[in-house]
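# Notes for the structure review
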Amino acid sequence: MDTETRDLLPEGLEDRLPQDTAAATRITRALMDVLDSHGYDRVQPPSIEFERSLASRMAGIQTRRMVRFVDPASLRMMALRSDMTPQVGRIAVTRMKNAARPLRLAYAGQVVSLKGDGLDPTRERLQIGAELIGHAGVAAAAEVVAVAIEALQAAGATGISVDFTLPDLVDALSAGPWPLTPAQLAAVRRELDAKDAGALVQAGGAAYLPLLHATGGFVAAMDKLSALAVEGVLDGRLSALQAIAERVQAAGGDVRLTLDPTERHGFEYQSWFGFQIFAQGVQGAVARGGAYAIIGADDGAEGEAAVGFSLYPDPLITALAAQEAKRETLFLPLGHDASAAARLRAVGWRTVAAISAGDDARALGCSHRLDGLEPVRV
Ligand SMILES: N[C@@H](Cc1c[nH]c[nH+]1)C(=O)O
């Protein structure tokens, strides 16, 4: 192997060096502490599973972007997890199927995909999330949005905005009040994604045009959608959304709310309700979540209702790493008093012990040196 490939990481994969790792550790802890404080119990599924169990837990999951390979032991197809929500869903409806509902579970781990997303080449990301299983109504949805915001704020995110969406709205409208043929439905979805009004009308989706214009600030977008007065499918979703927004705002925190009713990118399995969270100075969404159903053992069943969110803190970590406070570290010269050092560690000092006479406290990043029994600044 030549050195060039030996020292190279594949595209979209990165090492985290000490400064960023310190920020990642602090942010992970801050996020997990908030989830724990709201009663979400952490679980740790494995990073690899049978492809089938990752792909068939919720309707709409695509395996295209998963890293897959044949398991030499079972000769079955395995995949690296690209999302932990289906794993938590599996735990909820199998080993924890008799646990009381609502069941609140949290998780943190790396997720991997074969390809980056659009222009973003990243193939491995930290995912931290919470799932509330057994309910997917207004109260449950409002809780998860509020917990996600609180967690991000505790980790140091500012200027938070929440963008609501209705992932299955177009499907529901086309199956009811605004009928479309299957071919038209595909075209209408595509043009709504592209936000192309002309092509939308040409595709037979003129009725859907107002949805394109009802995006932006929450209040104004809601007014435009309410004016369409589509009983049932739309009005039901709008009143639920209104109630969620009120509860999220009552939960406090200075957040901006927006609405993009047809946004579907990244929402593979979410149903009537979805949201993304953005933070100031951080590119792309830092969180995504929504309502979904977990397909259990009894085939043909509706599935168990759930709602949750996943945070993708990597860009937040990068943004905050630069401000990570430098830690005080105590240099222990050769021949230092080991019990004095142990006592200082016990009261919170971090120490770096000299290995040879040439070790330089300052070059090794130490703020203090042990002088006799006392730390002194270097
Ligand atoms: N796991 C989903 C978000 C989600 C969690 N729960 C429900 N939705 C994602 O990463 O896109």
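As annotated in an unreviewed UniProt entry, the chain is ATP phosphoribosyltransferase regulatory subunit from Novosphingobium umbonatum.

## Side note on the overall build of the chain
A tally of regular secondary structure across the chain gives 13 helices and 16 strands. Expressed as a percentage of the 378 residues in the chain, the buried residues total 43%. Sequence-distant contacts, at least 24 apart, represent 66% of the contacts inside the chain between residues at least 6 apart. Entry remark: accessible area of the chain is about 19200 Å², with carbon and sulfur atoms responsible for 52%. The average position of the 37 basic charges and that of the 46 acidic charges among the side chains of the chain differ by 4 Å.

## Here's the deal with the packing of aromatic side chains
Applying the stated rule across the entire model yields six aromatic pairs. Measuring from ring centre to ring centre gives 5.7 Å for Y269 and Y292, while their planes differ by 70°; the resulting arrangement is edge-to-face. Note that Y269 is positioned in the loop between β9 (256-259) and β10 (274-278) and Y292 in strand β11 (residues 287-294), a separation of 23 residues in sequence. Relative accessible area serves as the criterion here: at 11%, Y269 is assigned to the buried category.

## What about the site of the ligand?
In the vicinity of the ligand lie 15 residues, with D83, T85, R288, S310 and Y312 positioned nearest. D83 has a polar side-chain atom sitting 2.8 Å from a nitrogen atom of the ligand. With respect to the ligand, the side chain of Q127 contributes an N or O atom lying 3.4 Å from an oxygen atom. In the complex, the protein chains occlude 98% of the 300 Å² of accessible area that the ligand would expose alone. Element by element, the count of residues in the shell around the ligand is highest for β11, at four residues.

## A word on helix α4 (residues 85-93)
An α-helix turns once every 3.6 residues. As a result, residues three or four positions apart point the same way. Counted residue by residue, α4 has nine buried out of nine residues, so it is predominantly covered. Within α4 the residues assigned to the buried category are T85, P86, Q87, V88, G89, R90, I91, A92 and V93. Against the buried residues of α4 lie β2 (48-50), α3 (51-55), β5 (103-112), β6 (124-133), β11 and β12 (304-311).

## Some details on the sheet that holds strand β3 (residues 68-70)
If you walk across this open sheet you meet the three strands as β2-β4-β3, and the pairing is antiparallel. Looking at which strands have only one partner, the edges of the open sheet turn out to be β2 and β3. Sheet twist, expressed as the average angle between the axes of neighbouring strands with direction ignored, equals 35°. Note: β2 against strand β4 (residues 77-80), three bridges, orientation antiparallel. Pairing of E49 across the sheet is with A79, part of β4.

## Comments concerning a nonpolar patch on the surface
On the surface, a cluster of nonpolar side chains totalling about 300 Å² of accessible area is made up of V70, L75 and M77. The class of M77 is partly exposed, set by a relative accessible area of 36%.

## Remarks on unusual backbone geometry
A cis geometry characterises the amide bond from R101 onward to P102, with omega recorded as -5°. The topology assignment puts P102 in the loop between α4 and β5. Located in the positive-phi region is L75, a residue other than glycine, with phi close to 60°. Within the element layout of this structure, L75 appears in the loop between β3 and β4. Positive phi, close to 50°, is recorded for K195, a residue that is not glycine. Here K195 shows up in the loop between α7 (182-194) and α8 (197-202). Exposure remark for K195: the relative accessible area of 41% places this residue in the partly exposed category.

## Comments concerning a positive patch on the surface
A contiguous patch of positive charge, built from R29, K326, R327 and R350, is present on the exposed surface. With respect to the helices and strands, the residue K326 is situated in the loop between α12 (314-321) and β13 (330-332).

## Topic: the environment of K326
Judged by relative accessible area, which is 73%, K326 ranks as exposed. Along the primary structure K326 and L80 are separated by 246 residues, whereas in three dimensions their C-alpha atoms are 36 Å apart.

## A short note on the pattern of salt bridges
The final tally for this structure, using the stated rule, is 13 salt bridges. When the shortest N-O distance is used, the salt bridge between D7 and R6 registers 3.1 Å. The salt bridge involving R26 is made with E324; its shortest N-O contact spans 3.2 Å. You can see R26 sitting in helix α2 (residues 18-37) and its partner E324 sitting in the loop between α12 and β13, a full 298 residues away along the chain. Residue classification places R26 among the partly exposed residues on the basis of a relative accessible area of 33%. The exposure class assigned to E324 is buried, which follows from its relative accessible area of 19%.

## Concerning the pairing of strand β15 (residues 368-371)
In β15, alternate side chains face the same way, and those of H368 and L370 are buried while those of R369 and D371 on the opposite face are not. Pairing of β13 with β15, which is carried by two bridges, proceeds in the parallel orientation. From the neighbouring strand, L330 faces β15, where its bridge partner is H368. The hairpin formed by β15 and strand β16 (residues 374-377) contains two residues between the paired strands, and G372 there has a positive phi angle of roughly 70°.

Definitions and cut-offs
- Residues numbered from 1 in each chain as written.
- Predicted model: local features only at pLDDT ≥ 70, side-chain atom pairs only at ≥ 80, totals over all residues.
- Heavy atoms only, no water.
- Helix = DSSP H or I, 4+ residues; strand = E, 2+ residues; numbered from the N terminus.
- Buried < 20%, exposed > 50% of the residue type's maximum accessible area, 1.4 Å probe, protein only.
- Contact = heavy atoms within 4.5 Å.
- Areas by Shrake-Rupley, 256 points an atom, 1.4 Å probe, with all protein chains shown as cover.
- Lys, Arg positive; Asp, Glu negative; His and termini not counted.
- Charge placed at Lys NZ, Arg CZ, Asp CG, Glu CD.
- Phe/Tyr/Trp six-rings, centres within 6.5 Å; stacked < 30°, edge-to-face > 60°.
- Near = heavy atom within 4 Å.
- Polar contact = N/O pair within 3.5 Å; in protein donor to acceptor, adjacent residues only side chain to side chain.
- Pairing = 2+ DSSP bridges.
- Axes fitted to C-alpha atoms, helices over the stretch in contact; angles between N-to-C directions.
- Patch = residues over 30% accessible without salt bridge, like charges linked within 9 Å, V, L, I, M, F, W, Y side chains within 5 Å.
- Salt bridge = Lys/Arg side-chain N within 4 Å of Asp/Glu carboxyl O.

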